[in-house]
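# Architecture at a glance
Each chain is listed here by its residues.
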Amino acid sequence: MDITLKNYLVKVKESITYGEKEDIEAIFIKSAKLNARGIADIDPMVAVEAKYKILEVYILEIKKTAEGGQEIVPFSKEWVRSLDIDDGDKLVDTINELHNSKKKD
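Values in this document were obtained by computation on a predicted structure and should not be read as measured data.

## Re the pattern of salt bridges
Once their charged atoms are close, side chains differing in charge can pair, the charge on each being opposite to the other. Inspection of the entire model under this criterion finds 7 salt bridges. Glu 22 is the salt-bridge partner of Lys 21, the closest N and O atoms lying 3.8 Å from each other. Overall, Lys 21 belongs to the partly exposed group, its relative accessible area being 26%. Residue Glu 22 is classed as partly exposed on the basis of its relative accessible area of 31%. Salt bridges linked by common partners bring Lys 21, Glu 22 and Glu 25 together as one network.

Here is the structure:
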């Protein structure tokens, strides 16, 4: 599946392996701490870390399409953070839809 952004074409997986799912879940598990009521407290920054892990797992290739080029760009947190707000939201929302639909199956 391709996601078209203003200056990039991002190729993403439509499904992930069980092991990749476990890698994502491990981020939450390793940081969960039970509070006095026996409920797991999750540090909000863990959700941010998990978001980047989900993107890393799903993104296969990033091509810079601006200025007529087809340059391959490596995935990095910095690349995601540098995206225009609309592009970042589109990328995250599309991949979250894929990820959440697979969790329901």
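Now that the structure has been shown, the text picks up again.
## Focus: the packing of aromatic side chains
Counted under the stated rule, the structure contains 1 aromatic pair. Between the aromatic rings of Tyr 8 and Trp 79, the centroid separation amounts to 5.3 Å while the plane-to-plane angle is 90°, which identifies the pairing as edge-to-face. Of this pair, Tyr 8 sits in strand 2 (residues 8-12) while Trp 79 sits in helix 3 (residues 77-81); the two residues are 71 residues apart in sequence, bridging distant segments of the chain. Residue classification places Tyr 8 among the buried residues on the basis of a relative accessible area of 15%. Residue classification places Trp 79 among the buried positions, given a relative accessible area of 6%. Positioned over the ring face of Tyr 52 is Lys 51, at 6.0 Å from the centre of the ring.

About the cut-offs
Residues numbered from 1 in each chain as written. Predicted model: local features only at pLDDT ≥ 70, side-chain atom pairs only at ≥ 80, totals over all residues. Heavy atoms only, no water. Salt bridge = Lys/Arg side-chain N within 4 Å of Asp/Glu carboxyl O. Buried < 20%, exposed > 50% of the residue type's maximum accessible area, 1.4 Å probe, protein only. Phe/Tyr/Trp six-rings, centres within 6.5 Å; stacked < 30°, edge-to-face > 60°. Helix = DSSP H or I, 4+ residues; strand = E, 2+ residues; numbered from the N terminus. Lys NZ or Arg CZ within 6 Å of the ring centre and 35° of its normal.

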